[in-house]
Amino acid sequence: MTIQIAGTGSALPERVLTNANLENMVETSDEWIRERTGIEQRHISDQDTVASLAAKAAKEALAAAGKTPADVDLILLATCSPEKLLPCCACQVQSILGANRAVAFDLNAACSGFLFALETAYAYLTTGLYRNALVIGSEVLSKIIDWNDRSTCILFGDGAGAVYVEGATEPGHGLCSMVQGSDGTKGDVLSCAVRSGEYVTMDGREVYRFATKQVPLCIEEAIEKAGWEVTDVDFFVLHQANLRIIESISKRLKIGMEHFPVNVTKVGNTSSAAIPILLDELVKSGKIEKGNKLVLSGFGAGLTYGACTMIW
Ligand code: ACO
């Protein structure tokens, strides 16, 4: 038995912050940001919270799957920017949706969070503990970013993406293989303390090195586990941290950029929300079609990384 995604959704805050806006806030330029990251703009929350964005995305995913909140067994919410330590964001989402039967809790694996949550859902559903799950990635990173630090504030954006998953109904569809990894010895490379009110700090070069080396390796492992060739994959739906990182992964795998959809240019790095936001965009635009072979892969603070393969 495996699981399949039956509906997707996403939500972005209304306010757009362009590179030109950032030029008035820190010593930077549109040219520098585009060259080093590919990012042109990002969405920034004024009133939206991690839970409110997550609930909007979840409602869309439920509607797309033809389900109601009463159907939901499990809500897994990946975030690294919750406004509150207690209660967890997933319980806030449960309350907003009125998904009264659901068991709800948060997971934090930074930018790998959505992938880790999806794989947790796989474990729950394939053991028969629950029949379905809402898996959500949601972030309001703008509140934990130092807007005076040009090395980080240009990168991140706010948003949420969600999927509704259930047991695969057709043979040959759904999640095929998974690879996950963590390296706690590199925790300092990307960190943010909670109680002292500190902001995100990052060794950008180290993250870059880690991502461009580790992500192709775990993608190749997931593909091998699925019994596929790299050339079989229609789309690599990668964590949207930086266009240069995605281009480097495409080069290492020797697969053209047409197989690597990108929206980091318009939404920036939304951490755990990045993969489901992009997935939703691809589904809504009709780019992903039934039977397509996909690789989802993320990496982030922890350090953490992972990849999975699925047939849509
Ligand atoms: N505008 C202008 N200049 C800048 C800016 C900026 N926004 N930021 C840094 N600089 C300067 C630096 O001060 C440095 O100046 P110096 O040469 O006088 O010392 C110069 O630009 C080069 O700085 P580097 O940090 O070496 O620049 P680099 O080419 O490595 O690019 C970047 C920086 C874009 C952050 C890159 O390292 C990167 O993409 N790393 C990965 C980051 C990432 O993806 N993080 C998130 C992943 S995990 C997650 O999603 C949570």
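All of these numbers come straight from a predicted model, not from anything done at the bench.

Q: Before we move on, can you summarise the pattern of salt bridges with the specific residues and values?
A: Here the structure, examined in full by the defined rule, presents 12 salt bridges. For the salt bridge of Arg-101 with Asp-73, the shortest nitrogen-to-oxygen distance reads 2.7 Å. Pair noted here: Arg-101 is in the loop between helix 4 (89-97) and strand 5 (103-107) and Asp-73 is in the loop between helix 3 (50-65) and strand 4 (74-78), with a separation of 28 residues, a long-range link. Linking Asp-280 and Lys-284 is a salt bridge whose minimum nitrogen-to-oxygen distance equals 2.7 Å. Residue Asp-280 and its partner Lys-284 are located together in helix 10 (residues 274-284), separated by 4 residues, close to a single helical turn. Judged by its relative accessible area of 1%, Asp-280 falls in the buried class.

Q: Explain the domain arrangement of the protein residue by residue, including any values.
A: The domains assigned to the protein are domain 1 (3-167) and domain 2 (174-311). Distance from the C-alpha centre of domain 1 to the C-alpha centre of domain 2: 15 Å. Taken together, the contact between domain 1 and domain 2 spans 52 residues of the former and 46 residues of the latter. Each partner contributes to the roughly 3,600 Å² buried at the junction of domain 1 and domain 2, and carbon and sulfur atoms together form 64% of this total. On the surface where domain 1 and domain 2 come into contact, there are 2 salt bridges. We note a salt bridge from Glu-60 to Lys-284, for which the minimum N-O separation is 2.5 Å. Summed over the shared surface of domain 1 and domain 2, the number is 22 residue pairs in polar contact (both at pLDDT 80 or more). Secondary structure elements with two or more residues in the side of domain 1 that touches domain 2: strand 1 (3-11), helix 2 (30-37), strand 3 (41-44), helix 5 (113-126), strand 6 (132-139), helix 6 (150-153) and strand 7 (159-167). With 7 residues, helix 5 is the largest single contributor of residues to the side of domain 1 that touches domain 2. Partitioned by chemical class, the residues of the side of domain 1 that touches domain 2 number 23 nonpolar, 18 polar and 11 charged.

Q: Break down the state of the cysteines for me, citing the residues and quoting the values.
A: Overall, the coordinates contain 0 disulfides when judged by the stated rule. Looking at the unpaired Cys-192, the closest cysteine sulfur is the one in Cys-80, lying at 8.3 Å. Owing to a relative accessible area of 31%, Cys-192 belongs among the partly exposed residues under this scheme.

Q: So what's going on with the side chain of Ser-248? Which residues, and what values?
A: Within the secondary structure, Ser-248 is located in helix 8 (residues 243-253). Relative accessible area serves as the criterion here: at 18%, Ser-248 is assigned to the buried category. Once residues lying within four places of it in the same chain are set aside, the contact partners of Ser-248 are Tyr-208 and Thr-212.

Cut-offs used in this document
Residues numbered from 1 in each chain as written. Predicted model: local features only at pLDDT ≥ 70, side-chain atom pairs only at ≥ 80, totals over all residues. Heavy atoms only, no water. Salt bridge = Lys/Arg side-chain N within 4 Å of Asp/Glu carboxyl O. Helix = DSSP H or I, 4+ residues; strand = E, 2+ residues; numbered from the N terminus. Buried < 20%, exposed > 50% of the residue type's maximum accessible area, 1.4 Å probe, protein only. Domains from an automatic or database assignment. Contact = heavy atoms within 4.5 Å. Buried area = accessible area lost by both parts, 1.4 Å probe. Polar contact = N/O pair within 3.5 Å; in protein donor to acceptor, adjacent residues only side chain to side chain. Nonpolar A, V, L, I, M, F, W, Y, C, P; charged D, E, K, R; others polar. Disulfide = S-S within 2.5 Å.

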